[in-house]
Amino acid sequence: MSASVKGGGPLRADAQRNRERILRAAHELVREPGELKLNAVAKACGIGQGTLYRHFPTREDLLVEVYRREVDDLVAAAPRLLAAHKPVDALAAWFDRVAAYARVKRDVFAAVEAATWRDLAAHSLGPIGEAIELLLAAGRSAGSVRDDAEARDVIVLISWLSRLDDAELDARGPRLLSILVDGLRPHG
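Residues numbered from 1 in each chain as written. Predicted model: local features only at pLDDT ≥ 70, side-chain atom pairs only at ≥ 80, totals over all residues. Heavy atoms only, no water.

If the charged atoms of two oppositely charged side chains come close together, the side chains can form a pair. Under the criterion given, the structure shown has 9 salt bridges. With a shortest N-O distance of 3.8 Å, arginine 19 and glutamate 65 are connected by a salt bridge. Residue arginine 19 is located in helix H1 (residues 13-29), and its partner glutamate 65 is located in helix H4 (residues 59-84); the two are separated by 46 residues in the primary sequence. Under the relative-accessibility criterion, glutamate 65 is labelled buried at 8%. Linking glutamate 133 and arginine 140 is a salt bridge whose minimum nitrogen-to-oxygen distance equals 2.2 Å. Note on arginine 140: relative accessible area 22%, which makes it partly exposed. One network of salt bridges, with partners in common, ties together Arg19, Glu20, Glu65 and Arg69. (Salt bridge = Lys/Arg side-chain N within 4 Å of Asp/Glu carboxyl O. Helix = DSSP H or I, 4+ residues; strand = E, 2+ residues; numbered from the N terminus. Buried < 20%, exposed > 50% of the residue type's maximum accessible area, 1.4 Å probe, protein only.)

Taking 1.5 Å per residue as the helical rise, H1 with its 17 residues ought to reach 24 Å, and the 24 Å between its terminal C-alpha atoms agrees with that figure. Turning to H1, its buried residues number three or more, namely Ala15, Asn18, Arg19, Ile22, Leu23, Ala25, Ala26, His27 and Leu29. (Expected span 1.5 Å × (residues − 1).)

Among the residues of helix H7 (residues 151-158), those classed as buried are Ala151, Val154, Ile155 and Ile158. Angular distribution of buried residues about the axis of H7 spans 100°; they occupy a single face of the element. (Arc of directions from axis to C-beta.)

This prediction gives the protein a mean pLDDT of 84; 85% of its residues lie at or above 70. When mean pLDDT is taken per element in the protein, helix H2 (residues 38-45) scores highest with 92 and helix H6 (residues 114-142) scores lowest with 77. Across residues 1-7 the pLDDT falls below 50, and counting only partners more than four positions away or on other chains, this stretch makes 13 contacts in the model. (pLDDT = per-residue confidence, 0-100. Contact = heavy atoms within 4.5 Å.)

So, about the packing of aromatic side chains. In this description, a pair of aromatic rings is defined by centroid distance and the angle of the planes. Scanning the model with the defined rule gives 2 aromatic pairs in all. Aromatic side chains tryptophan 94 and phenylalanine 95 sit 6.1 Å apart centroid to centroid with 50° between the ring planes, which places their arrangement in the tilted category. Residue class for tryptophan 94 comes out buried when judged on its relative accessible area of 0%. Judged by relative accessible area, which is 0%, phenylalanine 95 ranks as buried. (Phe/Tyr/Trp six-rings, centres within 6.5 Å; stacked < 30°, edge-to-face > 60°.)

It is worth spelling out the nonpolar core at this point. If you look at the biggest cluster of nonpolar residues, it comprises 34 residues, and the most contacted ones within it are Trp94, Phe95, Val98, Ile132, Leu136, Ile158 and Leu184. Contributions of two or more residues to this core are made by H4, helix H5 (87-111), H6, H7 and helix H8 (166-184). Looking at this core element by element, the count peaks at 9 residues for H5. Among residues more than four places away in sequence, those in contact with isoleucine 158 are Phe95, Val98, Ile132, Leu177 and Leu180. Listed in part, the 18 residues of the second largest apolar core include Leu29, Phe56, Leu62 and Val104. (Core = buried A, V, L, I, M, F, W, Y, C linked by side-chain atoms within 4.5 Å.)

Here it is as structure tokens:
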């Protein structure tokens, strides 16, 4: 769902603000243990449940939008990081964001049925692959990333992040991502 209601026009300013508040609260609450409860989201926003349901009729609708936004933010970070850092440093910084994304992905995918999961996977793999390729291409041009590194290789290697619980992701994530960055550097 976009900034407009399905089948309707653009949202009023107050409705758009409510929608943003709902998504921010859900993004924070999805990281907490247990199942995301819509009444907890409404309470965290200080809105009524009717308002929440007008924007997101089901829990899955809300989780799908939280996930889509996380993917969009992750993809948008790649060019910004390249503008601020050397290519391999931008890639390493982007991997730090991937770890945060993996938490949301794990929690959302655990809550959403298989048909929706396939749609979400299709939404994320293309844009994420493009973001990775942008970072890898910059690194190859700068001579700081090996010539044979492909976006699909990186996707396969980082996919494990969404399978780790928070404690293991905190304990191992930074070291494992550092090993991955080191493995992407040219050898010789």
